[in-house]
Amino acid sequence: MVNLTIDGKSVSVPKDTTILEAARQVDVHIPTLCWLEKVSTTGACRICAVEIEGVDRPMTACNTPVKEGINVTTQSEKLTRTRKQIMELILVNHPLDCPVCDAGGECDLQDTCYELGVVRQEFKADDVNPETINHWPLIQQVPNRCILCEKCVKVCHELIGADALFVNDKGDRAFIDKKVENCTYCGNCVSVCPTGTMISKPFKFRARPWALKKVPSVCTYCPSQCQIDLNVKDNEVYRVTSDDEGTTNTGNLCVGGFFGYSYINNKNRLIQPVVEQQPASWDKAFERVVADIERVKAESGAAAIAGFGSPRLTNEENYLFQKLFRAAIGSNNIDTEARFGAQRALRALDKGLGLHGASNSLTSIGNADVVLVFGADPTAEAPGVDWKIQDAVRRNGGKLVIANMRQIHLTQFADSQLTYKPGSAISLANGLGRLLLDRGLLDEDDLKRTVSNLDELKADLAAVDLEKVIAATGLSRESIEQAADIIGQADKVAVIFGADICKSGFGTSKSAVIANLAILSGALRSDGGLFPLDEKGNTQGVLDMGVYPEDLPGFQSYAENKDKFAKAWNCTLPEGGLDADGILQEIEAGKVRFLYLSATNPQSFPNSSRWLKALEKVEVLVVQDIFPSDITQLATVVLPGSSYAEKSGSFTSLDQTVRSFNQAIRPVGQSREDGEIFAELYGRLSKTSVTFSQADTYAEISELTSLYNTASILDDERNTCLRKPYQVADQSLQYQLITVDCGVEGLQLLTGTSSGHFGTTSTWAAAPLEVEPEGLVQVSTEDAKQAGVVDGDKLKMTSVNGSTVGKVLISESVPQGLIFAPHNFIALGVQQLMLDGENMTSVQIEKV
Amino acid sequence: MSQVAFSSWGRQVIDNRQGGDTEVEVAKKKLPVTFDGEKQISAFMGWDGLILNDPNVDVVAMAAEYAKHVQEDYCCAKCSPGKKGTRVMQDTLARIVSGKGEESDLDTIENIGELLQNCKCTLCMTSAIPIVDTVKHFRDDYLAYIRGENKEKKAVDYKLKMTAPCQDKCPSHIDIPAYIEAIKDRRFDESLDIIRESMPLPAICGRVCPHPCETACRRANVDSPINIMVLKRTASDYEWKHNHHPLMQPKPKKDKTIAIVGAGPAGLAAAYYLALEGYPCTIYETLPEGFGGGMIAVGIPAYRMPRHILQRDIDIICSMGVEIVYDTKVGRDVSLMELKEKFDAVLLAPGAHKSKPMGVEGEEEGYSGFLEGGIEFLREAYMGKPTGMGKKVCVVGGGNTAIDCVRVALREGAEDSILLYRRTRKEMPADVWEIDGADEEGVQFEFLVLPKKIVVNDQRQVTGVECLKMELGEPDDSGRRRPQPIEGSEFVVECDTLIPAIGQDPDLSFITEDTGIKITRWNTVVTKYIPLKNAADRDLNDEMGNPLSRTLLTDMDGVFASGDAEIGPLTVVACVGNAHRAAKVIQRWLEEGEAYLTDEDFHEDILSNLGVYDKDEDVPWLDAVQRFDQHEIHGKERASSGNYNEVELGFSDSEAIMEAERCLRCYRVSMIAI
């Protein structure tokens, strides 16, 4: 500890603490303007300068570390005069447009002038009056309001890793410029701007900050679930902000979080129930749904009825949905789109590790010594995870190993990038395991204690043929060895895997080899972590709620706990139950006659054309959603649901943290909260009166499951409920023997999410659509040359399932033999080409 | 009479305007009389004041011009007082010069001058110093402007240059503050890009540079210098560790071609800069493929400079369109005249690969165990060839090569590795850290000894070396105390191997007489220069005694020389700086038919001679963070037989950032009126 005196107060702080931080500890206020805690100090404004006895010049408190025995003075006549004069200099030629400036009311420059009593202007200079930059999408830059604090530059470079913004030119002409091609439109430059320099175009001139009400909420675009504030007025969301303090995302947002809100008040929202394609009242719609359920049930039994829950809905809504189906309708034919991804990871993790999701909190990623990202693009699938990885790798000295078929945004920070050939993920994971064993990098004692089948594990690893691994993956031995060394030599290991693993064919097996790697690398220790990513916001929640036939809420086996729930719900529960694949087959077989899709669009499912045909065939189709689609066109009844802004509820993030939020605006038009719709149907079907209450549902979930660790509910704005820490018990880990290898042949088309969009919802938000209006097909230079296409050309892709046409983007991020296309755009139609439940397929390509 | 009318340089005011002839030391000794051999320097304005040679120079206009350039061309704008303060300064001075000034403007200038002391770095801060000096000492000139009474003064031309003490001291003139700031900003690739603008072998100079820059680091005036070299290594290592591609883009290919003799630091650096400009270069290298790099390869052992990292820098240069023809000795396999015929220009950069004779009895006898020299020994060890070394090795010399030899001897399996030096440890020209490294590895030192005679047995095998004991006498020209033999003090140091490592020479036998290229008596190539003299009428020379400003053109048109063979055996960084200039001059010669130096070149040389660093400057700063040294493998095992693993391990990124944060960014602007 270092001892020093600040304005006569003694303080003792750790080495490397700055004078500014030390002063805060003893409540000495030092004015700042350019200082932003979450980025490196800039030291640009100079107003935090303080005097230190024996040092013959003022030192800036923000970036001067403490020294033993120093005597600091923060207030003196000279300092005050200097601070005021520097502020006067900053204000030389600062425009007097405060009344119409977007920052009015939340301007740090105004506040600091006020605080320091800067009331006159001694200095004058010619006004270089740089022009406003208006040609950037979504963001306007007004350079003459800029104080060049570089907060925007630093957030862009240090936290997001986009490296788009930079200071251009010299002297008074200097301004913040942008390499537009690098911009990810995360809007953090706008958030951190202390003045009205960086402006959100969609928000500009729409509302004064003080007229907006900030409602604490949770972003549901992805499972990192950043904590946000919906800024609302007149039943409309005007913008989204996030606090640096008290949020896991430290105020950072992505394009979805910052700009993606506008789908909420999109004019195309479904605002009225529809029956037989005609507008109808809620009463008529409910009557029709209930009548059809009762009719089909009477004719064919409840097993002829099936439904889909959704990761877009709250925990409470999903709970009600499964209860509606199981208790009120009497059918266990329920599932979600997680069947094609997260469900597989869950199965593998449950079997091998006894885990029902991630093993640790997101924060632990930021503290890891090494992060292994396997078959995931965190930037696109869960941006909040990307930022934590950058915390680890760029700020905390951690190393990054990426195993991916493509180069991703994070590749630039990787110490090792293993670009493996399509179809060789299992080989690579096994190869890494073998090398960890061979190179003496396993923690034998720990494995002995925790793994139940250690002998099998060793025998299995010893049987891995490294030459075959090298041939299958197309990687050099040195590169795999280097990666194994990096992983094996680290103490705190975070393993992250995503869509390329769990959404692909053999997804459960692939997830299992990752679970094995987690065992071998020590990632399951309390300071490491294993993190399956799913792109959808509340996937963890929908799985927690048991919206699939195998389990009841809280991962309680349906078969084994049926009676407990039947008793609690005062009903009898059906036997069996169909999952998504079963439902599809039974629709095709004419056995499932009634399908209820809540916040689910099967056009984004793999082999979507098969699904579309099935939907055309099903006798009664109820679609509960917020936007019109090809599916609503087919529906017998359309029920307009609502977005998260319009409801109260809770979501569960990928690290199993549960956060509650309150309704920010009323449901638009006649739309209703989805929970209310389920409750109404439940009431009508069970002939009881049920009103939807979030609190009651939450309480019921708590009672029937052990999901919510009530002891760890925080007293914060979102009643954050942290998961119980995962502890590896003795002999509790099961190494899973996976030998299947699924090599592929020919050119592969891989689908995944674009980093500019989230599911299909963001394609209804004007801002993300402005920067990425359509899905492009990424093709390597070599494959493009072979097909004779250049950027912008149309490319026809044909698989065994059919063909579709997309616009080409030649990209260095895909290797020869692999093309990548986003599945966010239904119009691009790549999901039609996929086989059932897969995300990659052999295709032939030709220029159109 | 003094040449100077007024000077405030070094914060010491000397005013000869009203008569008087007080000398100004700096102006008399360090500044040339002319800027470029012709144009007289009439005034000099910079970070430490004003030197006015010609009293007819308009000092007010000069201050206004200086302020304008500081604000418009150099101010980085990254702190408020700098960005806005220099703007107010510029406009206030401009107002005065345009006749619209008021007397209160002079107070504003002094006020801004004071506010600029709060700047983040020293660029704008030091720019205020000469300006405020003019207001203080030339107030009447200002008032004349303000009152509309100023008289027409002598028309002058201004030359400006931004520099920094470290950048000036670096023979390659790397923009050190900029690359350190990029590291501070966590922009490692950008940092490396800045380094490459003046240093195309960053991995090497990040490891083995004697870093003269650190002897001119102003942070040393606070506590200790910034670890500039290891920061360079950090930027360089970041690129290869993350598999990033270098950022620079060579220009489209041009027609004219250049042949380069020698793939050492000078040859590679010249090729890099010429290739960047689009010129195809062909380097002829005596050694076989895999041993490119000249003295960096065969003269610097792999524990200091791992081969694969050196090779990466070479590969990058080759990827820019440079061809290296290995195993080809100019003068043996191809003649210089043939190269002259085949290529549009030729650069001679053969290096200095021949050991100097030691002058001991028996040296010429071809005894077994007496090796040719240190450089040859290092080369053979590096190439994995038999070195002829035994178990008990004596190396004679006190430079870095001698140290490399004793340390390599251990790694080649020597049981005893002994260094013989005629002065004491303190006088050794080798870098301190190298001597310490040898010490740690178990090298034995014999100081104050002079080898006299090689002792052999009847098989003509070396068994020892007879030496005289020495004592230190009066200091010689180099300032080191001259060693003197003690009569009758002969004694024998037992050994089976004796390696002389007292210096090296270029082998210039390939430069035949018919070329007309002259060779100096120190066995270096003579090149053209522009004579610069100081006010005391003495020629200005560089540290090696060469004329200060050389075009590097030899006596044969189209043939240039660079590196150790031009400068005299020196350092990698000196060769690179020299080769960079050669590349620029070659380009001018190819494009304009004339080998000349630009104003920028002259300004650079003038500042180098003047010196930008002042070790006596009082630098007020809180010494809260001490210099951080890189990680290193310790213990004798690091020098065990066959162990050539790198000894120094560099910084982690966050350590580098912390070290970079210590940098005071000592930029300053020089303006010369001619």
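**Description of the overall build of chain A**
Assigned secondary structure in chain A consists of 28 helices and 35 strands. Its C-alpha radius of gyration of 28 Å places chain A within 12% of the 29 Å reference for a compact globule of 848 residues. Seen through its principal axes, chain A has C-alpha atoms that stretch 90 × 65 × 60 Å. Burial status across chain A gives 59% buried among its 848 residues. Contacts in chain A between residues far apart in sequence, at least 24 positions, make up 73% of those at least 6 positions apart.

**Re the overall build of chain B**
Looking only at helices and strands, chain B has 22 helices and 25 strands in total. At 27 Å, chain B has a C-alpha radius of gyration in line with the 26 Å of a compact globule built from 674 residues. Along the first, second and third principal axes, the C-alpha atoms of chain B reach 95 × 55 × 55 Å. Counting across all 674 residues of chain B, residues that qualify as buried make up 54%. A sequence separation of at least 24 residues applies to 72% of the contacts in chain B between residues at least 6 apart.

**Topic: the sheet that holds strand β11 (residues 227–233) of chain A**
All names here are of chain A. Pairing within the open sheet is antiparallel, and its 3 strands lie in the order β10-β11-β12. Two strands lie at the open edges of the sheet, namely β10 (213–218) and β12 (236–241), each paired on one side alone. Direction aside, the axes of adjacent strands within the sheet are offset by 35° on average. Pairing analysis gives 5 bridges linking β11 to β12, with the strands arranged antiparallel. Paired with V232 across the bridge in β12 is V237.

**With respect to the sheet that holds strand β22 (residues 559–561) of chain B**
All names here are of chain B. Spatially, the 5 strands line up as an open sheet ordered β8-β7-β6-β9-β22, and their pairing is parallel. The open sheet has two edge strands, β8 (322–325) and β22, and neither has a second partner. Taking each pair of neighbouring strands and ignoring which way they run, the sheet shows an average axis angle of 20°. As judged from the 4 bridges shared by strand β6 (residues 258–261) and strand β7 (residues 281–284), these two strands associate in the parallel manner. Along β7, the bridge assignment pairs I258 with C281.

**Some thoughts on the domain arrangement of chain A**
Residue and element names in this part refer to chain A. Taken domain by domain, chain A consists of domain 1 (2–75), domain 2 (124–263), domain 3 (283–341 + 539–708), domain 4 (361–374 + 381–388 + 397–431 + 442–532) and domain 5 (748–847). Averaged C-alpha coordinates put domain 4 and domain 5 at centres separated by 27 Å. Contacts between the two partners involve 11 residues from domain 4, matched on the other side by 14 residues from domain 5. Considered class by class, the residues forming the side of domain 4 that touches domain 5 number 3 nonpolar, 5 polar and 3 charged.

**Comments concerning the interface of chain A and chain B**
Listed as interface residues are 40 residues of chain A and, on the opposing side, 33 residues of chain B. Looking at the side of chain A that touches chain B, the elements with two or more residues in it are β3 (49–52), α2 (77–91) and α4 (151–160) of chain A. The leading source of residues in the side of chain A that touches chain B is α2 of chain A, at 5 residues. Split by residue class, the side of chain A that touches chain B holds 20 nonpolar, 9 polar and 11 charged.

**Description of unusual backbone geometry**
Even without being a glycine, N719 of chain A presents a positive backbone phi close to 45°. As for its position among the elements, N719 of chain A is in the loop between α26 (694–704) and β29 (748–752). For N719 of chain A, a count of 14 C-beta atoms within 10 Å translates into the label partly exposed. Positive phi, close to 60°, is recorded for R186 of chain B, a residue that is not glycine. On the secondary structure map, R186 of chain B appears in the loop between α8 (176–184) and α9 (188–196).

**Some points on the domain arrangement of chain B**
Residue and element names in this part refer to chain B. Parsing chain B into structural domains produces domain 1 (6–164), domain 2 (167–247 + 613–660), domain 3 (258–353 + 509–595) and domain 4 (357–504). Each of domain 3 and domain 4 was reduced to a C-alpha centroid, and the two centroids are 30 Å apart. On the side of domain 4, 12 residues touch domain 3, which itself brings 10 residues to the contact. Each residue belonging to the side of domain 3 that touches domain 4 can be placed in one class, and the counts come to 8 nonpolar, 2 polar and no charged.

**Section: the environment of A155 of chain B**
Here A155 of chain B lies in the loop between α6 (139–146) and β5 (158–163). When the C-alpha atoms of A155 of chain B and N56 of chain B are compared, they prove to be 9.0 Å apart, with 99 residues separating the residues in sequence.

**As for helix α13 (residues 425–438) of chain A**
Each α-helix turn comprises 3.6 residues. Residues three or four places apart therefore point the same way. All names here are of chain A. If you check α13, its first and last C-alpha atoms are 20 Å apart, about what 14 residues at 1.5 Å a residue would give, namely 20 Å. Counting buried positions along α13 yields 13 of 14 residues, so the element is predominantly enclosed. G440 sits one or two residues past α13 and shows a positive phi near 65°.

**Some words on the nonpolar core**
By size, the foremost hydrophobic cluster in this structure holds 488 residues, and its most contacted members are V371 and V495 of chain A together with A270, L347 and V395 of chain B. Here this core takes 12 residues from helix α20 (residues 572–592) of chain B, the largest share from any one element.

**Some points on α20 of chain B**
Residue and element names in this part refer to chain B. Given a rise of 1.5 Å per residue, 21 residues ought to cover 30 Å, and the 30 Å separating the end C-alpha atoms of α20 matches this to within 8%. When you tally the buried positions in α20, you get 18 out of 21 residues, the bulk of the element. Downstream of α20 by a residue or two, G593 has a phi angle that is positive, lying close to 75°.

**Brief notes about the environment of L287 of chain B**
Within the fold, L287 of chain B resides in the loop between β7 and α13 (295–298). Along the sequence, L287 of chain B and N609 of chain B sit 322 residues apart, while their C-alpha atoms lie 37 Å from each other.

**Here's the deal with the pairing of strand β3 (residues 43–46) of chain B**
Here β3 of chain B shows no split at all, with A43 and M45 of chain B on one side and F44 and G46 of chain B on the other all buried. Count of turn residues in the β3 of chain B/strand β4 (residues 49–52) of chain B antiparallel hairpin: 2 residues.

**Section: the packing of helix α3 (residues 80–97) of chain B against helix α4 (residues 104–115) of chain B**
Residue and element names in this part refer to chain B. Between α3 and α4, the shortest axis-to-axis distance is 10 Å and the interhelical angle comes to 160°. The orientation of α3 relative to α4 falls into the category roughly antiparallel. Where α3 crosses over α4, the handedness of that crossing is left-handed. For the pair α3 and α4, contact is made by P81, G85, V88, M89, T92, R95 and I96 and by D105, T108, I109, I112 and L115, respectively. Of the residues assigned to the contact of α3 with α4, the class counts are 7 nonpolar, 3 polar and 2 charged.

**Structural notes on the confidence of the model for chain B**
Overall, the predicted model of chain B reaches an average pLDDT of 95, with 100% of residues at or above 70. What the predictor reports for the complex is a pTM of 0.95 with an ipTM of 0.94.

**Some points on the pairing of strand β26 (residues 637–640) of chain A**
All names here are of chain A. By the alternation rule, side chains of β26 split into V637 and L639 and V638 and P640, which are all buried. Here strand β13 (residues 274–275) pairs with β26 via 2 bridges, running antiparallel. Residue pairing in the sheet places V274 in a bridge with V638 of β26. In this sheet, β26 lies alongside strand β25 (residues 620–625) in parallel orientation, the contact comprising 4 bridges. Residue V622 lies in a different strand from β26, and its bridge partner there is V637.

**Description of the environment of Q786 of chain A**
Residue and element names in this part refer to chain A. Among the secondary structure elements, Q786 is positioned in helix α28 (residues 781–787). A residue is classified by how many C-beta atoms lie within 10 Å of it, and Q786, with 13 of them, is partly exposed. With 19 residues separating them along the chain, Q786 and A767 place their C-alpha atoms 35 Å apart.

What counts and how
Residues numbered from 1 in each chain as written. Chains lettered and ligands numbered in written order. Predicted model: local features only at pLDDT ≥ 70, side-chain atom pairs only at ≥ 80, totals over all residues. Helix = DSSP H or I, 4+ residues; strand = E, 2+ residues; numbered from the N terminus. Rg over C-alpha atoms; globule rule 2.2 N^0.38 Å. Buried ≥ 20, exposed ≤ 12 C-beta atoms within 10 Å, placed from the backbone. Contact = placed C-beta atoms within 7 Å. Pairing = 2+ DSSP bridges. Axes fitted to C-alpha atoms, helices over the stretch in contact; angles between N-to-C directions. Domains from an automatic or database assignment. Nonpolar A, V, L, I, M, F, W, Y, C, P; charged D, E, K, R; others polar. Expected span 1.5 Å × (residues − 1). Core = buried A, V, L, I, M, F, W, Y, C linked by C-beta atoms within 7 Å. Parallel < 35°, antiparallel > 145°, perpendicular 65-115°, else oblique. Left-handed = near helix turned anticlockwise from the far one by under 90°. pLDDT = per-residue confidence, 0-100.

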